[in-house]
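Breakdown of the fold
Spelled out from the first residue to the last, the chains are:
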Amino acid sequence: MSSDDRPGPNPRRELPAEIPSAPEPPPAPPTSEGPAAKPQLTGRQRLRQGLWPPRVTRPQLIVALLLFVLGLGLAIQVRSNNDSGALRGARQEDLVRILDELDDRTQRLEEEKRRLEDQRTGLENSSDQAEEARKQTVERERQLGILAGTVAAQGPGITLTIEDKKGAVEADMLLDAIQELRAAGAEAIQINDVRVVANTYLSDATGGGVRVDGHKVGEPYLFKVIGKPQDLEPALNIPGGVVQTLEKEQATVTVERSEKIVVDALRPAKRPDYARSSSQ
């Protein structure tokens, strides 16, 4: 062994050079795969989940009910305003005339009520109730005869003349005139030679003209009407009423007041086939 191979008194050992350790990888973000992962929701899906199923509380239910009642009231108010809109375009004098007509109708009803009450009082206080009842029965028979058309009648009223050269006037227009006159207090009506009663009907005739209770009448249509002239004439001339409707059809309408109107077209008295008095 040579001197170079013999170890020295203090042999020195060196550490190996440091090897840098690799950095730890960051934790992987959670993925949508796997049973524990939650799906990502879009904004629309989150909004749908918040709105449905609805969660209605008692205060919300009360507010919804109040809003429904308020909406219903507004709808009724709007409908009522639309129904009265026909008079919005009327002139002030026309509105005053309509109000006067309503007041006259109310007055007629009050007078009829007082008359019936007087009849009842007369029957209760009369010493000879049988004679008083007979007088009232005769008077009532006369009144019913006028309404039924079995007796002639005369009194103040109007004449309504409708000239229809173009043949545009139809049965429903004359029927509107009858209804308007009745509403204004007409007590007896005659069209040409036909008496108008409670069961009168009108229809369009073949070849022109109108049939009243099966009798053909042609122009000029002459209405004889007994009633209060101050009520009958304004009823025909209200805005959008009978006169304006007929004039739109190019018919000529004339209304004249008279202190004496004679309604002499008669109807035969008919006994009802089935109806009987309930007192029998």
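Note on numbering: residues in each chain are counted from 1, in written sequence order. Local features in this predicted model are restricted to residues of pLDDT 70 or higher, and side-chain atom pairs are both shown and tallied only at a pLDDT of 80 or more, whereas totals for entire chains, interfaces and linings draw on every residue. Values reported for side chains reflect all heavy atoms of the structure, with hydrogen atoms and water molecules removed beforehand.

**Comments concerning a negative patch on the surface**
Note the threshold: Patches draw on residues past 30% relative accessible area with no salt bridge. Two like charges within 9 Å are joined, as are two nonpolar side chains (Val, Leu, Ile, Met, Phe, Trp, Tyr) within 5 Å. Accessible surface area values rest on a Shrake-Rupley calculation with a 1.4 Å probe, where residue burial reflects the displayed protein chains alone. Take a side-chain nitrogen of Lys or Arg and a carboxyl oxygen of Asp or Glu: if they are within 4 Å of each other, that pair is a salt bridge. Charged residues are defined narrowly, with Lys and Arg counted positive, Asp and Glu counted negative, and His plus the chain ends left uncounted. Every charge is mapped to an atom, namely NZ of Lys, CZ of Arg, CG of Asp or CD of Glu. Runs of E in the DSSP output that reach at least two residues are strands. Runs of H or I that reach at least four are helices, and both are numbered from the N terminus.
On the surface, Glu-170, Asp-172, Asp-176, Asp-204 and Glu-249 cluster together into a negatively charged patch. Here Asp-176 lies in helix H5 (residues 171-183).

**Describing the sheet that holds strand S5 (residues 210-212)**
What counts, and what does not: In this description, strands pair whenever DSSP reports at least two bridges between them. Axis angles are defined between N-to-C directions and span 0 to 180 degrees, where every axis is a line fitted to C-alpha atoms and, for a helix, only to the segment in contact. Two residues qualify as a contact provided that any one of their heavy atoms is within 4.5 Å of a heavy atom in the partner residue.
If you walk across this open sheet you meet the 3 strands as S4-S5-S6, and the pairing is antiparallel. Looking at which strands have only one partner, the edges of the open sheet turn out to be strand S4 (202-204) and strand S6 (215-217). The average angle at which neighbouring strand axes cross in this sheet is 35°, direction not considered. In this structure, S4 lies alongside S5, joined through 3 bridges in antiparallel fashion. Within S5, the residue paired with Leu-202 across the bridge is Val-212. Across the sheet, H5 lies against S4 and S5, angled at about 155° from S4, the strand it touches most.

**As for the pairing of strand S2 (residues 188-191)**
Condition: Residue exposure (1.4 Å probe, protein chains only): buried if accessible area is under 20% of the type maximum, exposed if over 50%, otherwise partly exposed.
Across the two faces of S2 the burial is the same, with Ala-188 and Gln-190 and Ile-189 and Ile-191 all buried. When S2 meets strand S3 (residues 194-196), the two strands line up antiparallel, connected through 3 bridges. Bridge pairing links Gln-190 to Arg-195 in S3. Hairpin connection, S2 to S3: the antiparallel pair is bridged by 2 residues, and Asn-192 has positive phi, about 55°.

**Here we look at the confidence of the model for the chain**
Detailed conclusions should not be drawn from predicted coordinates in areas where pLDDT is low. Here is the rule we go by: Along the chain, pLDDT gives the predictor's confidence residue by residue, from 0 to 100.
For the chain, per-residue confidence averages 79 on the pLDDT scale, and residues scoring 70 or more make up 74% of the total. Here helix H1 (residues 43-51) is the element of the chain with the lowest mean pLDDT, 70, and strand S7 (residues 221-226) is the one with the highest, 96.

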